[in-house]
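Each chain is listed here by its residues.
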Amino acid sequence: MIKASWDVFWSSWTIKEKSVASVTVYVFIGKFGAFLGWVLLAVQSAFMTVYCALGSINPERYAPILIKSELPTEEELGGFNPTNDGGKDGEPQ
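On a predicted model such as this, the values are computed, not experimentally measured, just so you know.

A. Here's a closer look at helix α1 (residues 2–14). In a regular helix each residue adds 1.5 Å, so 13 residues correspond to 18 Å; α1 covers 18 Å between its end C-alpha atoms and thus fits that length. All of the buried residues along α1 are S5, F9 and S12. Across the axial projection of α1, the buried residues extend over an arc of 65 degrees, all falling on one side. For α1, the secondary structure elements touched by its buried residues are α2 (28–57). Taken from the residues just after α1, K16 is the one with a positive phi, measuring 50 degrees.

Here it is, written out as structure tokens:
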């Protein structure tokens, strides 16, 4: 995806592609944004892969990434129970 988005950007850059509208906007700016987004996603995935590999080797030293390992208790789930209050739209009777 990085290579493909770079090729699309570069071909747009070489011809200085403009939008066909009442206001002239250079299209290659947006295409460069797509390329930059793919590069940043690749960098993030590389860092997360290394972090997860290190966490697999030494799990007590590295915390899980965005994982809640506990199930919610019945009290925590009580706020989601519509019959808990007995009223309509969360209003007590």
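B. Representation of the environment of P64. When you line up the elements, P64 lands in the loop between α2 and α3 (74–77). Separated by 13 residues in sequence, P64 and Y51 place their C-alpha atoms 9.4 Å apart.

Thresholds applied
- Residues numbered from 1 in each chain as written.
- Predicted model: local features only at pLDDT ≥ 70, side-chain atom pairs only at ≥ 80, totals over all residues.
- Heavy atoms only, no water.
- Helix = DSSP H or I, 4+ residues; strand = E, 2+ residues; numbered from the N terminus.
- Expected span 1.5 Å × (residues − 1).
- Buried < 20%, exposed > 50% of the residue type's maximum accessible area, 1.4 Å probe, protein only.
- Arc of directions from axis to C-beta.
- Contact = heavy atoms within 4.5 Å.

Everything listed is a geometric property; what it means functionally is a separate question.
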